Amino acid sequence: MTNAIGEALSGVREVELTVTGRRTGRQIARPVWFVQDDDNVFLVPVTGSDTQWYKNVQQLPMVELAVDGASLSSSATPITDTRQVEDIVAMFRDKYGPDEFASRYPKHDVAVQVPLG
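What comes next concerns the included structure. (Residues numbered from 1 in each chain as written. Predicted model: local features only at pLDDT ≥ 70, side-chain atom pairs only at ≥ 80, totals over all residues. Heavy atoms only, no water.)

1. Re the pairing of strand E8 (residues 111-115)
Two strands pair when backbone bridges link them, and strand E4 (residues 40-43) and E8 are joined in this way by four bridges, in the antiparallel orientation. Residue pairing across strands places Val 41 opposite Val 114, the latter belonging to E8. Bridging between strand E7 (residues 77-79) and E8 involves three bridges; their strand directions are antiparallel. Residue pairing in the sheet places Ile 79 in a bridge with Ala 111 of E8. (Pairing = 2+ DSSP bridges. Helix = DSSP H or I, 4+ residues; strand = E, 2+ residues; numbered from the N terminus.)

So, in structure tokens, the structure goes:
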């Protein structure tokens, strides 16, 4: 893991995710919540598999994560396995609180893994 991004993620609630638009080819950035587990960052799209940035990642998996001046370009892997998604959702509930997670994430059928190293 690169130290700069690893240190920058500590204690932060969101990162800026940049994806490439599957139709436009443009870079699209947006703040997203995340959880970190070892050398991976996991993302849960707010509206699950219906989320536009998730659909972009499915077609063009290169993403950039940025926080506090540190950034990392990496290949993202969509996760559709129900058990894996449930484990990641549990980490989100632990980090952000079950009520806040439930109020912001109406559908959580998929997740995305971004390796940091």
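So, next bit.
2. Quick look at the pattern of salt bridges
By the definition in use, this model includes four salt bridges. Linking Asp 50 and Lys 107 is a salt bridge whose minimum nitrogen-to-oxygen distance equals 2.9 Å. Taken together, the residues Asp 50 in the loop between E4 and helix H2 (52-59) and Lys 107 in the loop between helix H4 (98-104) and E8 connect sequence positions 57 residues apart. Classification of Asp 50 as partly exposed rests on a relative accessible area of 42%. Classification of Lys 107 as partly exposed rests on a relative accessible area of 28%. Within this structure, Arg 13, Glu 100 and Arg 104 form a network of salt bridges that share partners. (Salt bridge = Lys/Arg side-chain N within 4 Å of Asp/Glu carboxyl O. Buried < 20%, exposed > 50% of the residue type's maximum accessible area, 1.4 Å probe, protein only.)

3. Observations concerning helix H3 (residues 82-96)
Compared with the 21 Å implied by 1.5 Å per residue over 15 residues, the 21 Å span of H3 between its first and last C-alpha is a close match. Along H3, the residues that are buried comprise Val 85, Ile 88, Val 89, Phe 92 and Tyr 96. Within H3, the buried residues cover an arc of 105° as seen down the axis, which keeps them to one side. Exposed and facing more than 90 degrees away from the buried side of H3 are Arg 83, Glu 86 and Asp 94. The secondary structure elements touched by the buried residues of H3 are strand E2 (27-33), strand E3 (35-37), E4, E7, H4 and E8. Downstream of H3 by one or two residues, Gly 97 has phi in the positive range, about 95°. (Expected span 1.5 Å × (residues − 1). Arc of directions from axis to C-beta. Contact = heavy atoms within 4.5 Å.)

Coordinates in, geometry out; function isn't part of it.
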